[in-house]
Amino acid sequence: MTDEIVYGRNAVWELLQSGKPVNKLLLQGEGTAGRFQDIVSHARAQKIPFQFVDKAALDRLTEKAKHQGILAYVAPREYADVDDILALAGEKGEDPFILVLDEVEDPHNLGALIRTADAAGVHGVIIPKRRSVSLTATVAKTSAGAVEHVLVARVGNLVQTLKDLQKAGCWVSGAEAEGTEVYRSDLTGARVIVIGSEGKGLSRLVKETCDEIVSLPMKGRINSLNASVAGSILMYEVLRQRDGRN
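If you check an unreviewed UniProt entry, the protein chain appears there as 23S rRNA (Guanosine2251-2'-O)-methyltransferase from Desulfitobacterium chlororespirans DSM 11544. Regarding the protein chain, the relevant UniProt record gives this comment under Sequence similarities (unreviewed entry): "Belongs to the class IV-like SAM-binding methyltransferase superfamily. RNA methyltransferase TrmH family."

Laid out in structure tokens, this is it:
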């Protein structure tokens, strides 16, 4: 199963006009819209990320097909809004339970986290538009179908989104080493769990925005866990505390 791409000027333009979800556009050029001005304007209006690359990159991605200097990555499903996630919690009569991913770049990690989020009763997952993996066919496959049942929102400013969630009454817990041991933390109530990238952890501004930093106890010689493993453990700890289990 490969990630779906659409290339060629007319094909990409029709895709954009259809309203189907688009993860990203790649345009041949050196930082100016040029002959793609109409497409760039549409992408900006729809808040679709785009990037200028050289012809060799497009040749490689399309296996030297006639791409006409443009390629689009198509998402396997529609993205939700953050308000949709909060509304879902309200409809269920539950405190919001949200997973936020800070620059997680491995599609297998994202797919695994979405799968666990579905199992643990998370109302939605939030990812940034840039420097992060988006919803792709690989993510969908790794999630084992959970991507069809979990709301995933993609936002332009992760820090501002966290601040908005705090204003909505959520407590934001970031996962990082040297924080309060998670098993000693109160994770009940409206809760946002933030997981950092595979290599760098939480970015500085995101970490500073969190209400608290929690960590998992590490008894071995390895001092970190895979992002999907750490996130899964934390989600289930939230579920355990919500259910009042000892």
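Applying the stated rule across the entire model yields eight salt bridges. Salt-bridge contacts for Lys-200 lead to Glu-103; the nearest nitrogen and oxygen are separated by 3.5 Å. Taken together, the residues Lys-200 in the loop between strand E9 (191-195) and helix H8 (204-209) and Glu-103 in the loop between strand E5 (97-101) and helix H5 (107-120) connect sequence positions 97 residues apart. Looking at Lys-200, the relative accessible area reads 64%, which means it is exposed. Where Arg-204 meets Glu-208, a salt bridge forms, and the shortest distance between an N and an O atom there is 3.3 Å. Taken together, the residues span about one helical turn, with Arg-204 and Glu-208 both in helix H8 at a distance of four residues. Residue Arg-204 is classed as exposed on the basis of its relative accessible area, which comes to 56%. Judged by relative accessible area, which is 53%, Glu-208 ranks as exposed. A single network of salt bridges, built from pairs that share partners, joins Glu-103, Arg-131 and Lys-200.

Take the sheet that holds E5 next. Within the open sheet, the six strands sit side by side as E7-E6-E5-E9-E8-E10. Their pairing is parallel. Edge positions in the sheet fall to strand E7 (151-155) and strand E10 (212-215), since each of these pairs with one other strand and no more. Adjacent strand axes in the sheet meet at a mean angle of 35 degrees, parallel and antiparallel pairs treated alike. Contacting E5, strand E6 (124-128) and E7, helix H4 (residues 82-91) runs over the sheet at an angle of about 145 degrees to E7.

Turning next to the pairing of strand E2 (residues 22-28). Two faces, one strand: in a regular strand the side chains alternate between the faces of the sheet. Burial of E2 is extensive: five of the seven residues sit out of reach of the surface. Pairing geometry for E2 and strand E4 (residues 70-74), over five bridges, is antiparallel. Along E4, the bridge assignment pairs Val-22 with Val-74. As defined by bridge partners, E2 adjoins strand E3 (residues 50-53) across four bridges and the pair is classed as parallel. What sits directly across from Leu-25, in E3, is Phe-50.

Calculation notes
- Residues numbered from 1 in each chain as written.
- Predicted model: local features only at pLDDT ≥ 70, side-chain atom pairs only at ≥ 80, totals over all residues.
- Heavy atoms only, no water.
- UniProt positions renumbered as here; feature names shortened; annotations may be inferred.
- Salt bridge = Lys/Arg side-chain N within 4 Å of Asp/Glu carboxyl O.
- Helix = DSSP H or I, 4+ residues; strand = E, 2+ residues; numbered from the N terminus.
- Buried < 20%, exposed > 50% of the residue type's maximum accessible area, 1.4 Å probe, protein only.
- Pairing = 2+ DSSP bridges.
- Axes fitted to C-alpha atoms, helices over the stretch in contact; angles between N-to-C directions.
- Contact = heavy atoms within 4.5 Å.

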